[in-house]
Amino acid sequence: MSYIIARDLSKTFGAGQAAVKAVSNISFEIASGEFVSIMGESGSGKSTLLGILGAMNAPTSGRLVVDGIDIYGLNVEKQADFRREYLGFVFQGFHLVPYLTVLENVMLPLAVMPLGKKRKQQMASHALSQVGLAEKAFRLPGEISGGEKERTAMARAIVNEPPILLADEPSGNLDSKNSAELMALFEKFNASGMTIIMVTHSMECAAYAKRRMIISDGRLKSDYFPASNAA
Amino acid sequence: MNLSVISTRNLLRRKGKATFILAGLVIGVATTVGILTYVNAVSSDILHKLEQYGANILITPQTESLALGYGGLALGGVSFELEEIRQSDLARLEHIPYAGNIAAVGPVVLGVASVEDTRILMAGIDFSVSHILKPWWQVQGNMPAVGEVLLGADAARVLNLNTGDMLPVKGVLMPVSGVIANTGSQDDALAFVHLEDAQALFNKQGLVSMVEIAALCKDCPIVEMVGYIKEALPDANVMAIAQVVKTRMEMLGHFKRFAYWISAVILFIGGLVVLVTMMGSVRERTSEIGIFRAVGFRRRHIMKIVFLESGMLSLLAGLAGYGLGLAFAFAALVAEADGQSVQIPFSGEMAAGAVFLAIALGLAASIYPAFLAARMDPNDALRAL
């Protein structure tokens, strides 16, 4: 049964002659527990599509249904609740809050959840240990390496155990070693049942995904399951 | 980890901006507290004087020249050199309506005498009613007998005389019976003698320069009494000292209103400082807000972060502003006290008001920045990086 259903998603920026169609009539379905990579050239519309899937960028037309919920039928506050309960984000630029420690950054999604301080700390510590960063919990983002920042962002994305992980060029700022380690983590979380949708330029990274979508000029050019995985 | 941790950490990180907001609020609150405290202190001083004088009435000769300051108050025009009131006319006061309310009638003869190279204002008074008319006097020594003199604190200092010394006035040696402790009024500069001694010294037998009257009651019809006295003494000016003080209170009222306006303008400027700084801070934090929204913060959570930050700063500003305002008021009162002790009592009401004012101002000025932050599109905010 499909967990994520995208129907005729389109996104146009601007109006009139200056209008740019970033995403054009894209439809697909993703089952729970899939690992999907979205590939395409710069400006092809893959990040816009990820924003739509992330309940952060309303499509101009089309419909997105996740776990039976019509996402853009929700008001903005309910969309925020959806993000908190269903999604984990890993961004290319880490997007850590510079004045919070690693542990506090990981706890960020829990800050508005009705949980006790101890429980929040336990969940964040567990997430950090899953990405192998437990010993850096009290460092500030400025005091850790790029790979560690990415792993912190990963821990933040999984701390509330969301069913879906969205990643936008997660290895974009990493060397090959750190990139491979990150992909190994993605595989690990996918193996535990997490649905992963990853936008990437990198063939090496895309090879970890079991399904590949190619976007070009805002259109879904191909959607297939590669014969074998790099892992 | 909750929203207050995020707010606190952000304030600690952006110390410059936090200090700027704090300064804007502190200046506004301190100015308001300082002005209110100062005005209240001055008002209570005048009220204290009003209470001291009660419903006292002053009778002076009818003249339009030479202003006389007395008791720290500028009272109407009195000429003690040119015109006098006949002492015998004062008997008419016993027959006016409400005469029973008159506690004391104190005729005063004023004259200037030279003691060696120093000129001194001498006042002949009726010492039998001085305890009613001058209840604040503290005499070191004794009240004078006929032929003796009682010196004000400044007069004794300037003339270098003490109890038991002799004061030579117009060829007469008058023993100093005592010295009045500093009163802060013009009494300090005077030499007091018995009425008849002054009349003899200044050749004013049967005449008085002015008359002080103490009326007994709290609510007696002072205006009507003044009218009756005027009828009894048509050639004299009669005024209630309470009216003089009342006029001062009215002037103070004008000053108070002006001060409130000044405070309001300064508070408004303080609010603008908070508004502009918070706006800048929100714009600087676009990416952070994007992260918060992406991980599931609702709009109200973002607003709460902004309000928590301004609330914490406002609380600090309220406390600091209250303390600083008291210090300003104290410094201003000390500068004007002319050596007298100044006390500003702690006012819980004022402190609570200052904190409430600071928080209300800080939060009000943060409404628009908080609204802007909450309205930020998370996708746009993240792209801003």
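Residues numbered from 1 in each chain as written. Chains lettered and ligands numbered in written order. Predicted model: local features only at pLDDT ≥ 70, side-chain atom pairs only at ≥ 80, totals over all residues.

1. Re the overall build of chain A
Right, so step 1: Secondary structure summary: chain A contains seven helices and ten strands in total.
Right, so step 2: Split into buried and exposed, the 231 residues of chain A put 48% on the buried side.
Right, so step 3: Of the contacts made within chain A by residues no fewer than 6 positions apart, 68% connect residues no fewer than 24 positions apart. (Helix = DSSP H or I, 4+ residues; strand = E, 2+ residues; numbered from the N terminus. Buried ≥ 20, exposed ≤ 12 C-beta atoms within 10 Å, placed from the backbone. Contact = placed C-beta atoms within 7 Å.)

2. Brief notes about the overall build of chain B
Right, so step 1: When you go through chain B residue by residue, the secondary structure sums to eleven helices and 14 strands.
Right, so step 2: Within the span of chain B, comprising 385 residues, buried residues form 38% of the whole.
Right, so step 3: Contacts spanning at least 24 positions in sequence make up 81% of the contacts within chain B whose residues lie at least 6 apart.

3. Focus on the confidence of the model for chain B
Caution is warranted with low-pLDDT regions, since their predicted coordinates should not be read in detail.
Residues and elements named next belong to chain B.
Right, so step 1: Residues of chain B with pLDDT of at least 70 account for 86%, and the chain-wide mean is 84.
Right, so step 2: Long-range and interchain partners of residues 71–81, a stretch whose pLDDT sits below 50, account for 33 contacts in this model, where long-range means more than four residues apart.
Right, so step 3: As scored by the predictor, the complex reaches a pTM of 0.67 and an ipTM of 0.89. (pLDDT = per-residue confidence, 0-100.)

4. Observations regarding the interface of chain B and chain A
Right, so step 1: Listed by partner, the interface residues are 23 residues for chain B and 24 residues for chain A.
Right, so step 2: Contributing elements (two or more residues each) for the side of chain B that touches chain A: helix H1 (3–13), helix H8 (286–294), helix H9 (299–337) and helix H11 (378–383) of chain B.
Right, so step 3: At six residues, the largest contribution of residues to the side of chain B that touches chain A is made by H1 of chain B.
Right, so step 4: Split into classes, the residues belonging to the side of chain B that touches chain A amount to eleven nonpolar, six polar and six charged. (Nonpolar A, V, L, I, M, F, W, Y, C, P; charged D, E, K, R; others polar.)

5. A word on the pairing of strand E10 (residues 172–180) of chain B
Residue and element names in this part refer to chain B.
Right, so step 1: Here three bridges tie strand E7 (residues 139–141) to E10, and the two strands are oriented antiparallel to one another. When the sheet's bridge partners are listed, Gln 140 is paired in E10 with Val 179.
Right, so step 2: Relative to E10, strand E8 (residues 149–151) runs parallel, the two being bridged by three bridges. Counterpart to Leu 151 in the pairing with E10 is Val 179.
Right, so step 3: Here strand E9 (residues 166–169) runs beside E10; their pairing, made up of four bridges, is antiparallel. Bridged to Leu 167 within E10 is Met 174.
Right, so step 4: Connecting E9 to the next strand, E10, in antiparallel fashion are two residues, including Lys 170 with a positive phi near 50°. (Pairing = 2+ DSSP bridges.)

6. Let's talk about the sheet that holds strand E8 (residues 195–200) of chain A
All names here are of chain A.
Right, so step 1: Strand order across the open sheet formed by six strands is E6-E7-E8-E3-E9-E10, with mixed pairing between neighbours. At either margin of the open sheet sits one strand with a lone partner, and together these are strand E6 (87–90) and strand E10 (219–224). On average, each strand axis in the sheet is inclined to that of its neighbour by 15°, with strand direction left out of account.
Right, so step 2: Relative to strand E7 (residues 164–168), E6 runs parallel, the two sharing four bridges. What sits directly across from Gly 88, in E7, is Leu 165.
Right, so step 3: Sitting on the sheet, helix H5 (residues 146–158) is in contact with E6 and E7, with an inclination near 170° to E6. (Axes fitted to C-alpha atoms, helices over the stretch in contact; angles between N-to-C directions.)

7. Overview of unusual backbone geometry
Right, so step 1: Positive phi values are uncommon outside glycine, yet Ala 55 of chain A reaches one of about 60°.
Right, so step 2: Of note, Ala 55 of chain A is situated in the loop between helix H1 (46–53) and strand E4 (61–66).
Right, so step 3: Even without being glycine, Tyr 98 of chain B reaches a positive phi, approximately 65°.
Right, so step 4: Assignment of secondary structure puts Tyr 98 of chain B in the loop between strand E4 (85–86) and strand E5 (102–115).

8. Observations concerning the packing of H9 of chain B against helix H10 (residues 348–375) of chain B
How two helices sit against one another is set out by the angle between their axes and by the gap between those axes.
Residue and element names in this part refer to chain B.
Right, so step 1: One way to put it is that H9 packs onto H10 with a least axis distance of 7 Å and a crossing angle of 150°. When the axes of H9 and H10 are compared, the pair comes out roughly antiparallel. Crossing angle aside, the handedness with which H9 passes H10 is right-handed.
Right, so step 2: Its residues assigned to classes, the contact of H9 with H10 comprises 22 nonpolar, eight polar and one charged. (Parallel < 35°, antiparallel > 145°, perpendicular 65-115°, else oblique. Left-handed = near helix turned anticlockwise from the far one by under 90°.)

9. Points about the nonpolar core
Right, so step 1: In terms of nonpolar packing, the biggest core is built from 115 residues, with Ile 38, Leu 165 and Ile 196 of chain A together with Leu 25 and Val 29 of chain B touching the most fellow members.
Right, so step 2: Sorting elements by how many residues they give to this core places helix H2 (residues 15–53) of chain B first, with eleven residues.
Right, so step 3: Not counting residues up to four positions away in its chain, the partners in contact with Leu 165 of chain A are Gly 88, Val 90, Ala 157, Ile 158, Phe 189, Met 194 and Ile 196 of chain A. (Core = buried A, V, L, I, M, F, W, Y, C linked by C-beta atoms within 7 Å.)

10. Observations concerning the sheet that holds strand E5 (residues 69–70) of chain A
By way of backbone hydrogen bonds, the strands of a sheet pair with one another, either parallel or antiparallel.
Residue and element names in this part refer to chain A.
Right, so step 1: Taken together, the four strands give an open sheet; going across it, the order is E2-E1-E4-E5, and neighbouring strands pair in antiparallel fashion. The sheet is open, and its two edges are formed by strand E2 (20–31) and E5, each paired on a single side.
Right, so step 2: Pairing analysis gives two bridges linking E4 to E5, with the strands arranged antiparallel. The residue of E5 that forms the bridge with Val 65 is Asp 70.

11. What about H1 of chain B?
Right, so step 1: Every buried residue belonging to H1 of chain B is among Ile 6, Ser 7, Asn 10 and Leu 11 of chain B, and all of these are buried. Seen end-on, H1 of chain B carries its buried residues on one side only, within an arc spanning 130°. (Arc of directions from axis to C-beta.)

12. What about the pairing of E10 of chain A?
All names here are of chain A.
Right, so step 1: Note: strand E9 (residues 211–216) against E10, five bridges, orientation antiparallel. Bridge pairing in E10 places Met 213 opposite Asp 223.
Right, so step 2: Joining the antiparallel neighbours E9 and E10 is a turn of two residues, in which Asp 217 adopts a positive phi near 50°.

13. Some words on the environment of Ala 30 of chain B
All names here are of chain B.
Right, so step 1: Looking at the secondary structure, you find Ala 30 in helix H2.
Right, so step 2: Take Ala 30: there are 25 C-beta atoms within 10 Å of it, and that puts it in the buried class.
Right, so step 3: Spatially, the C-alpha atom of Ala 30 lies 8.2 Å from that of Gly 318, the residues being 288 residues apart in sequence.
Right, so step 4: Beyond its immediate sequence surroundings of up to four residues, Ala 30 is in contact with Gly 321, Leu 324, Gly 325 and Phe 328.

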